[in-house]
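One letter stands for each residue in the lines below.
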Amino acid sequence: MKLAQSKVLRTVTLWAFFLSSAVLVSACQAPDGGKGGGIDSAGDISTSSTARTGGSCYDDRSQVKQQAKTNKIDILFVVDTSGSMSAEHPKIINAIPNLLTSLPNGADFQVAVMPAHGSHSSHSGLLWKRGSTPYVLSSEQLSLSQIQLGLHDSLDSIPNDSSDGTGEEGLYSFTHALEQGQLTANRAHGFFRQDAALAVVFVSDENDVCFVPPADAKFPKYNPGGDEVAARRRDCAGITPASVFAKIQELQGTRPFSIAAITHNSWKYTVANNNDYYGYGYMELVGLANGTTVEIAESDYRSGFSQIGQLASSAMQQILDFALAHDNVEPSSIKVKIDGKSADFTYNASSNVVAVQQPGCALSNTSIDDDGKKSCSDDSDDKNGKSTSTSCGTSTLDISYCLKSTPCPNPTPTPTPTPTPT
């Protein structure tokens, strides 16, 4: 009887050895924490991931909406004009070269300033300048130092909003800027070009008046009392970060854009004299656009402005970021194709992101090719002065890769127990 029990025990032990070996092999073939999904700055991507035979190699396929190619960009600073902001102006002026030199070589860029004023201000939604300073500071007409000086003049003279909005209605002012009357006036100065990318930088040391922080807001000193309540009731119906984002998308069509904010981007910031608050409204808008922020309390903006310039540059050059659907990727196995053609890319192993430059589509008049397909069309004015919309297609992007194989240790079988003599 004891011998029979010993045979059963040995058999179970042997199966345990095989099972443990199988588990070890399975575990070290290709550890993977699959997450799924590609990402880009415009949110115009749908992604699927398919495992190849064997399970350790994958094909991620994305349908990407094309954007129009352009070497032109309009850069707009929408600036809080409350009294507490004057200390920030020199830091902006000092850092603007870092932004502009981060743009692609040969970029045709323009810089302009807009006060964050409400509806009671005659400056709301309009570009601002001082005296003979141009409304639009253009790289085609001015040197970098002249642009820097012009920005200094505009910021140094920017008027306060004496109404109840107190110059803290950036979302309203920018929305107003895209409405027909203001848009026409701004375009008359050569801004909001219909063949250019757009970079919008909101600058404020507190929340936007039109954004009501959530009830559980972690920023402790927010106080929506007094004048701001009246301004919100008057100006802010329907104005949200989502509505502003939609307005920019409508304005730009297939042309690139980016959104950034210089504001308090951390709830940990200590309120100074009850004037500074977390940048509610701007932070949510930047989040929708996958943009970037600079902490306004920093003593030097140069590094942050370089990031803003790089963000705008990536948009202009159609650099799209794709988070691979599976972790533990073998970098040498990655291959990228766009519409069936091999494409250059870079891979960041720490973030598991592949950066790809898509070909985009050219800004030209709409045409029909031999296959009956539409090409891109420009948003430029036609003979009747009406804007024609850009129509671009989609590209198929395929990223194939395999996972790393982790060496497996040789499993040590559990010693077979010695049968007890009968």
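Residues numbered from 1 in each chain as written. Predicted model: local features only at pLDDT ≥ 70, side-chain atom pairs only at ≥ 80, totals over all residues. Heavy atoms only, no water.

A. Quick peek at helix α3 (residues 144-157). Here α3 spans 20 Å end to end across 14 residues, near enough to the 20 Å set by a 1.5 Å rise per residue. Among all positions in α3, only Ile 147, Gly 150, Leu 151, Asp 153, Ser 154, Leu 155 and Ser 157 are buried. Turning to α3, the residues buried within the fold contact β3 (72-79), α2 (89-100), β4 (108-115) and β5 (137-138). (Helix = DSSP H or I, 4+ residues; strand = E, 2+ residues; numbered from the N terminus. Expected span 1.5 Å × (residues − 1). Buried < 20%, exposed > 50% of the residue type's maximum accessible area, 1.4 Å probe, protein only. Contact = heavy atoms within 4.5 Å.)

B. Expanded view of the sheet that holds strand β6 (residues 197-203). Spatially, the six strands line up as an open sheet ordered β5-β4-β3-β6-β7-β8, and their pairing is mixed. Each having just a single partner strand, β5 and β8 (292-295) make up the two edges of the open sheet. Sheet analysis places β3 next to β4, joined by eight bridges and oriented parallel. From the neighbouring strand, Lys 72 faces β4, where its bridge partner is Asp 108. The strands that α3 touches are β3, β4 and β5; relative to β4, the one it contacts most, it runs at about 10°. (Pairing = 2+ DSSP bridges. Axes fitted to C-alpha atoms, helices over the stretch in contact; angles between N-to-C directions.)

C. Region of the structure containing the pattern of salt bridges. One pass over the full model with this rule turns up eleven salt bridges. With a closest N to O distance of 3.9 Å, Arg 234 and Glu 169 form a salt bridge. One end of the pair, Arg 234, is in helix α6 (residues 227-235); the other, Glu 169, is in the loop between α3 and α4 (170-177), with 65 residues separating them in the sequence. Judged by its relative accessible area of 0%, Glu 169 is buried. Linked by salt bridges that have partners in common, Asp 74, Asp 108 and Arg 193 make up one network. (Salt bridge = Lys/Arg side-chain N within 4 Å of Asp/Glu carboxyl O.)

So far we have only geometry, and geometry alone does not tell us how the molecule works.
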